[in-house]
Amino acid sequence: MTLATVTKRSVKSPPRPARRGRPPTGQGAWFLVLPALLPILVLSVGPLLYGIALAFTDSQSGRTAPTRWIGTLNFQDLVHDTLFWDSFRIGLLWAVGVTVPQFLLALGLALLLNQDLKLRWPARALAIIPWAMPEVVVGIMWRLVYNPDAGILNETIRDLGLGDGRDWLSGLSTALPAVIVVGVWAGMPQTTVALLAGLQNTPRELHEAAAMDGAGAWRRFLSVTWPALRPVALAITALNLIWNFNSFALVYVLTNGGPGGRTRLPMLFAYEEAFRYGQFGYAAAMGCVLVAVISVLLAVFLAGRLKGGEDA
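These figures come from a predicted structure and were not determined experimentally.

What counts, and at which threshold
- Residues numbered from 1 in each chain as written.
- Predicted model: local features only at pLDDT ≥ 70, side-chain atom pairs only at ≥ 80, totals over all residues.
- Heavy atoms only, no water.
- Helix = DSSP H or I, 4+ residues; strand = E, 2+ residues; numbered from the N terminus.
- Buried < 20%, exposed > 50% of the residue type's maximum accessible area, 1.4 Å probe, protein only.
- Core = buried A, V, L, I, M, F, W, Y, C linked by side-chain atoms within 4.5 Å.
- Contact = heavy atoms within 4.5 Å.

## So, the overall build of the protein
- Scanning the protein from terminus to terminus reveals 14 helices and zero strands.
- Going from N to C terminus, the protein has its helices and strands arranged as α-α-α-α-α-α-α-α-α-α-α-α-α-α.
- Across the 312 residues that make up the protein, the buried fraction comes to 33%.

Right, dumping it as structure tokens:
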């Protein structure tokens, strides 16, 4: 036996790596995706396609005759429906009127809760209580606040000697501002949580370096805090605009679209056409228009985000 043979036998070869299974392809991949895809198809895509098809028919409630295909007639009527476009204008006023103060107040609250203050954690818990409440409960609670006879708001006004109060939800000039206040109060916690998460991801070293360079609080906010917070702020603002434009339950409980249609949002208008007047096809056409508007807003937002990512 030669030395080379002994050396070769004494040296052990490295163990073979364990064989890993190949990623599923073809039918196997679809089988894994199907449990997550099936609820989306059944609960979202299916009703959406059915609603689009319904918009091109004369479907009505309680009708014994078969539903007929009428093409774009519902959309043609919708173009000349001044009540719908009034509700669309009110919906835009509502969405902007809620989203802007909601963001500003949430930003201030997030900056406050991000400080090293005493009782910070109980304050954070209290700040998200409105978010945990159902919209129906919020609407009922604020109806009691705005009650013209025994509401806490009018009672406070009387106690301060500022007048006899007023019927806030029934006044033509006060109904929409009063509902906007409730929308801001109810939606501010989720914006606060998102902004607070963005603030906590900002490195403290950057603030300390800016403070050592003599930058004040406002300068540190503009040069350090806002650049890091801007992606989160843009995302939550875009989502809030869409959510607020699609609001239904809160305004329905508070005013039911009144008085005189001053708080009739587009979703309320479509609901009334479908379930009060039985015009299912016409209401579906309204829904298609609203989906198209929201899709355009989403496309603009995503295009801006993608462009910003490429520039970065």
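## Quick notes on the nonpolar core
- Among the nonpolar cores identified, the biggest contains 19 residues, and W94, V182 and L254 are the most heavily contacted of them.
- Counting only elements with at least two residues in this core, the list comes to helix 4 (82-113), helix 7 (135-145), helix 9 (175-200) and helix 12 (249-254).
- Residue contributions to this core peak at seven residues, all from helix 9.

## Some remarks on helix 13 (residues 266-275)
- The buried fraction of helix 13 is high, at seven of 10 residues.
- When we look at burial in helix 13, the residues that qualify are P266, L268, F269, A270, E272, E273 and A274.

## Some words on the environment of A186
- Checked against the element boundaries, A186 lands in helix 9.
- Residue classification places A186 among the buried positions, given a relative accessible area of 18%.
- A sequence separation of 88 residues divides A186 from V98, and the C-alpha atoms of the two residues are 9.9 Å apart.
- Not counting the four nearest positions on each side in its chain, A186 is found in contact with P130, W131 and V138.

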